[in-house]
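Observations on the model geometry
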Amino acid sequence: MPRLKPSDQEERNRIVRACIAGNQERQGIDDVGLAKYLGVVPNTVRNKKKRPETFTLRELRLVSRRSGATRVIKKAPPARAGQGRTDKITIQF
């Protein structure tokens, strides 16, 4: 049976997870340290990493600031008539 393509939401979740995990690895920060920085308990960080859509914008900003990550924001060009919405924004940490 062929594999199903992951949904757009799952793709975005994977990107967020990879960014956070990669930056944690580079900076040597574990979930406990990240939890202290965010002002939450370690279980909350683990749950948010499982479901990244639950991160608030404030928390994502704190994570990026803590990891010393650079910010690159790319916005897709406007859609032509008949092509549907293409207003995707990609944030790379």
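Quantities reported herein were computed from a predicted structural model and do not represent experimental measurements.

On to the packing of helix α2 (residues 31–38) against helix α3 (residues 42–50). Across the interface, α2 lies against α3 with an axial gap of 8 Å and an inter-helix angle of 100°. With respect to α3, the element α2 is oriented roughly perpendicular. Together, D31, V32, L34, A35 and L38 of α2 and P42, V45, R46 and K49 of α3 make up the contact between the two elements. Considering only residue class, the contact of α2 with α3 consists of six nonpolar, no polar and three charged.

Turning to the packing of aromatic side chains, a few remarks are in order. All told, the structure shown has zero aromatic pairs when counted by the stated rule. Against the face of F55 rests K48, its NZ or CZ located 5.8 Å from the ring centre.

Attention shifts here to the side chain of N13. Within the secondary structure, N13 is located in helix α1 (residues 8–27). Among the residues examined, N13 registers a relative accessible area of 7% and is labelled buried. Excluding its chain neighbours within four sequence positions, the residues that come into contact with N13 are P52 and E53.

Take α2 next. Buried within α2 we find D31, L34, A35 and L38. Angularly, the buried residues of α2 cover 105° about the axis, an arc narrow enough to put them on a single face. Immediately downstream of α2, the backbone of G39 shows phi near 80°, a positive value.

What counts, and at which threshold
Residues numbered from 1 in each chain as written. Predicted model: local features only at pLDDT ≥ 70, side-chain atom pairs only at ≥ 80, totals over all residues. Heavy atoms only, no water. Axes fitted to C-alpha atoms, helices over the stretch in contact; angles between N-to-C directions. Helix = DSSP H or I, 4+ residues; strand = E, 2+ residues; numbered from the N terminus. Parallel < 35°, antiparallel > 145°, perpendicular 65-115°, else oblique. Contact = heavy atoms within 4.5 Å. Nonpolar A, V, L, I, M, F, W, Y, C, P; charged D, E, K, R; others polar. Phe/Tyr/Trp six-rings, centres within 6.5 Å; stacked < 30°, edge-to-face > 60°. Lys NZ or Arg CZ within 6 Å of the ring centre and 35° of its normal. Buried < 20%, exposed > 50% of the residue type's maximum accessible area, 1.4 Å probe, protein only. Arc of directions from axis to C-beta.

Limitation: the analysis is restricted to geometry and does not speak to function.
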